[in-house]
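Residue-level structural notes
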Amino acid sequence: LQDALYVLDLCIREGGDSGELLFEAALKAHALTQHELQVSFLQKLHERHSPGPWTNYYLSSGLLELKRPQDAMEAIDREVAAFQSSGLHIDSVRAAAHAQLGQSREAADFIHLALARLLAKINDLTLSGVSGAFERLITAAKMCPDERELQWQVEQKMLVAGIATESYFEQVRADEKPC
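Reading the values: rules and limits
- Within each chain, residues carry numbers counting from 1 in the order of the written sequence.
- Predicted model: local features are reported for residues with pLDDT of at least 70 only, side-chain atom pairs are reported and counted for 80 or more only, and whole-chain, interface and lining totals are derived from all residues.
- To get the side-chain values, all heavy atoms of the structure are used, and hydrogens and water are removed first.
- Helix and strand definitions follow DSSP, with helices as H or I runs of at least four residues and strands as E runs of at least two, each counted in order from the N terminus.
- Working definition: with a 1.4 Å probe on protein chains only, accessible area under 20% of the residue-type maximum means buried, over 50% means exposed, and in between means partly exposed.
- Multiplying 1.5 Å by the residue count of a helix minus one yields the expected span of that helix.
- Only buried residues count toward a nonpolar core, which is a set of Ala, Val, Leu, Ile, Met, Phe, Trp, Tyr and Cys residues joined through side-chain atoms within 4.5 Å.
- What makes two residues a contact is simply this: any of their non-hydrogen atoms within 4.5 Å.
- Angles shown run from 0 to 180 degrees and are taken between the N-to-C directions of axes, each axis being a line fitted to C-alpha atoms and, for helices, limited to the stretch in contact.
- By convention, the crossing between two helices is left-handed when the near helix turns anticlockwise from the far helix through less than a right angle, and right-handed when the turn is clockwise.
- Each residue gets one label: Ala, Val, Leu, Ile, Met, Phe, Trp, Tyr, Cys and Pro are nonpolar, Asp, Glu, Lys and Arg are charged, and the others, such as Gly, are polar.
- Definitions used for this entry: grid spacing 1 Å over protein atoms alone; cavity, a set of points where a 1.4 Å probe fits but cannot get out; pocket, an open set with protein on both sides within 12 Å along at least 5 of 7 lines; lining residue, one with an atom within 4 Å of a point.
- Grid points are joined across faces, edges and corners, and a volume is the space filled by probe spheres set on the points.
- In what follows, salt bridge is the name for a side-chain nitrogen of Lys or Arg lying within 4 Å of a carboxyl oxygen of Asp or Glu.

Along the chain, the position of H30 falls in helix α2 (residues 19-31). Relative accessible area serves as the criterion here: at 27%, H30 is assigned to the partly exposed category.

Attention now moves to helix α6 (residues 88-100). Along its 13 residues, α6 runs 18 Å from first to last C-alpha, staying within 8% of the 18 Å computed at 1.5 Å per residue. Buried residues dominate α6, accounting for 12 of its 13 residues. Every buried residue belonging to α6 is among L88, H89, I90, D91, S92, V93, R94, A95, A96, A97, H98 and A99, and all of these are buried. Where α6 ends, the next residue or the one after it, G102, has phi of about 80 degrees, a positive value.

What follows deals with the nonpolar core. With 25 residues, the main nonpolar core has I12, F41, L59, L63 and L64 as its most contacted residues. The set of elements that each furnish at least two residues to this core consists of α1 (2-13), α2, α3 (35-48), α4 (55-65), α5 (69-83) and α6. Every residue in contact with L59, bar those within four places of it in the chain, is listed here: V39, L42, Q43, H46, A75 and R78.

Turning to the packing of α1 against α2, a few remarks are in order. Describing two packed helices takes the angle between their axes plus the distance from one axis to the other. Relative orientation of the contacting elements α1 and α2 amounts to 145 degrees, with a least axis distance of 9 Å. In terms of crossing hand, the pair formed by α1 and α2 is left-handed. Between α1 and α2, the residues in contact are A4, L5, L8, C11 and I12 and L21, L22, E24, A25, K28 and A29, respectively. Of the residues assigned to the contact of α1 with α2, the class counts are 9 nonpolar, no polar and 2 charged.

Approximately 630 Å³ is the volume found for the largest pocket. Looking at the lining of the largest pocket, the element that brings in the most residues is helix α8 (residues 127-142), giving 7 residues.

The next thing to look at is the side chain of E155. By secondary structure assignment, the location of E155 is in helix α9 (residues 148-161). Exposure remark for E155: the relative accessible area of 11% places this residue in the buried category.

This model, assessed by the stated rule, comprises 10 salt bridges. D9 is the partner of R13 in a salt bridge, and the nearest nitrogen-oxygen pair spans 2.9 Å. Here R13 and its partner D9 are both found in helix α1, 4 residues apart, which amounts to about one turn of the helix. Its relative accessible area of 63% is what places R13 among the exposed residues. One salt bridge in this structure joins D71 and R68, with 3.0 Å as the shortest N-O distance. Its relative accessible area of 32% is what places R68 among the partly exposed residues. Connected through salt bridges with shared partners, the residues R105, D109 and E147 form a single ionic network.

Residues other than glycine seldom take positive phi values, yet T33 does so here, at roughly 55 degrees. Here T33 shows up in the loop between α2 and α3. Positive phi is not limited to glycine here, since D146 has a value of about 65 degrees. Here D146 is to be found in the loop between α8 and α9.

Attention now goes to the environment of A164. Within the secondary structure, A164 sits in the loop between α9 and α10 (166-175). With 33 residues separating them along the chain, A164 and S131 place their C-alpha atoms 7.1 Å apart. Other than its neighbours up to four places away in sequence, A164 contacts M158, L159 and F169.

Shown next as structure tokens:
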């Protein structure tokens, strides 16, 4: 994956400018958690081409990782406005952005909305996408004071669905008290 990103980055540096090339490079950067590159590629795509579906979503997820919640909120709003996007991934970005902004009530509202979605009905996300959305939800829930019950609900849904990530288990192990 790293080699693929290197080749795509090289193509872009040598003058490659297609929207498909920039989006593919952004997806590779996302998969490798290289969020600064992800955001850079998507910003170039938006400057030079009409954004397509998912481009503002991936931009918003990268911006969240860079702790730029207001920009992430604006990007996800553009995704929804342009493509009538909705779903778990949108709810999770909004929850995380509100949590990073210190807006606990709004974050909790979007977490509740996300938890009400039936996982069996999600057909526009990969397993990795669903897992990433739940990572954002659990992180957002932990940032909301007085929302321990909500955090527990997110954790339970992750565990029941089998999508709890290694970072979740690392945190659980870190919180365990020795005998």
